[in-house]
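Analysis of the macromolecular model
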Amino acid sequence: MHKILLDDFLKEVLKEDIGRGDLYMRMQNEIEIEAYIIAREDGILSGKMYVERLCELLNIECDFTFEDGMPFRRGEKLVMFKGKMSEILSAERTILNLLEHSSGIATLTRKYVQRIEGTDCMLLDTRKTRPLLRDFEKYSARNGGAVNHRLGLDDCLMLKDTHLTRILALNKFVKDIRKKIPFTAKIEVECENLLQAKEALESDIDILMCDNMELETIENVVKMRNAMAPNVLLEASGNITLENILDYAKSGVDAISSGAIIHQAVWVDLSMKID
């Protein structure tokens, strides 16, 4: 994330929680303290970049024991803080929210990634993110080992079923739109059956998404792709879980996209303590 955007985001999350000031501090003299965050359960660390910058803005010293993407165990200290009591306590919930939310996504994502290790298939995230948190949540998915899918509507043209209802000739549409989108932009078409997949492969597309297809159908699409358009990438999406993801990864698709790694992630339990 660009530093200016990161700073704006962090200032807003602080403002949301602090409001006009921490009322507890009206009864306290300003003192220097040391604090740390301890893990109450195992997980994958994520959020370090955000917390480090937040501490810079507040003149709090912080020293992480782990890097983003590293596993930690219950009972381990993740980060140490030193600074004014007012600043550390005022930022406590914001820091924990950032780390717990981000690490929760990274932890679940890592489970999915580990299930398909040893295959040539990669795990992608989706645009199913919480409003205004896309950069943050996709950063968290990366720390878990996923590869980002498109960040928004402006970096890849994906033709979904809602688009295709108004496209009479896909081949002609793709030829025409190639002249209007950026040279580096890819075109992806969402297909639900073999007939749609065949039409897409006969057009000049870059990626074909097998959307909510049965595994057997996907395997047939893979064979069709290999014969008709071997340069087209195949993506599988829909109803893919931790239990069945390996089967889909072995089907021959190049990637599997999952919204669940973000919207089904549970926050990791962390706690701040003062020495």
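To be clear, the structure that these remarks concern was listed above.
Notes on the structure follow. From a predicted model like this one, the values you see are computed outputs, not experimental measurements.

This part is about the packing of helix α2 (residues 48-57) against helix α3 (residues 85-115). Interaxial distance between α2 and α3 falls to 9 Å at its minimum, and their mutual angle equals 165°. For the element pair α2 / α3, the angle class is roughly antiparallel. α2 and α3 meet at a crossing whose hand is right-handed. Here Lys 48, Tyr 50, Val 51, Leu 54 and Cys 55 of α2 lie close against α3, whose contacting residues are Thr 94, Ile 95, Leu 98 and Leu 99.

Okay, the layout of surface pockets next. What the largest pocket holds in volume is close to 460 Å³. Lining the largest pocket are 23 residues, with Thr 126, Lys 128, Ser 237, Ser 257 and Gly 259 sitting closest to its centre. Sorting the residues of the lining of the largest pocket by element identifies β9 (207-211), β10 (233-237) and α10 (260-263) as the ones contributing at least two each. A breakdown of the residues in the lining of the largest pocket according to their chemical character gives four nonpolar, 11 polar and eight charged.

Moving on: the sheet that holds strand β3 (residues 61-64). Pairing is antiparallel across the open sheet formed by four strands, whose spatial order is β3-β5-β1-β12. At either margin of the open sheet sits one strand with a lone partner, and together these are β3 and β12 (270-274). Adjacent strand axes in the sheet meet at a mean angle of 20° when their direction is disregarded. Here four bridges tie β3 to strand β5 (residues 77-84), and the two strands are oriented antiparallel to one another. Across the sheet, residue Glu 61 finds its bridge partner in β5, namely Lys 82. With respect to the sheet, α2 is in contact with β3 and β5, its orientation differing from that of β3 by roughly 160°. With respect to the sheet, α3 is in contact with β1 (32-39), β3, β5 and β12, its orientation differing from that of β5 by roughly 155°.

Reading the values: the criteria
Residues numbered from 1 in each chain as written. Predicted model: local features only at pLDDT ≥ 70, side-chain atom pairs only at ≥ 80, totals over all residues. Heavy atoms only, no water. Axes fitted to C-alpha atoms, helices over the stretch in contact; angles between N-to-C directions. Helix = DSSP H or I, 4+ residues; strand = E, 2+ residues; numbered from the N terminus. Parallel < 35°, antiparallel > 145°, perpendicular 65-115°, else oblique. Left-handed = near helix turned anticlockwise from the far one by under 90°. Contact = heavy atoms within 4.5 Å. 1 Å grid on protein atoms, 1.4 Å probe; cavity = no way out; pocket = protein on both sides within 12 Å on 5 of 7 lines; lining within 4 Å. Points joined across faces, edges and corners; volume = space filled by probe spheres on them. Nonpolar A, V, L, I, M, F, W, Y, C, P; charged D, E, K, R; others polar. Pairing = 2+ DSSP bridges.

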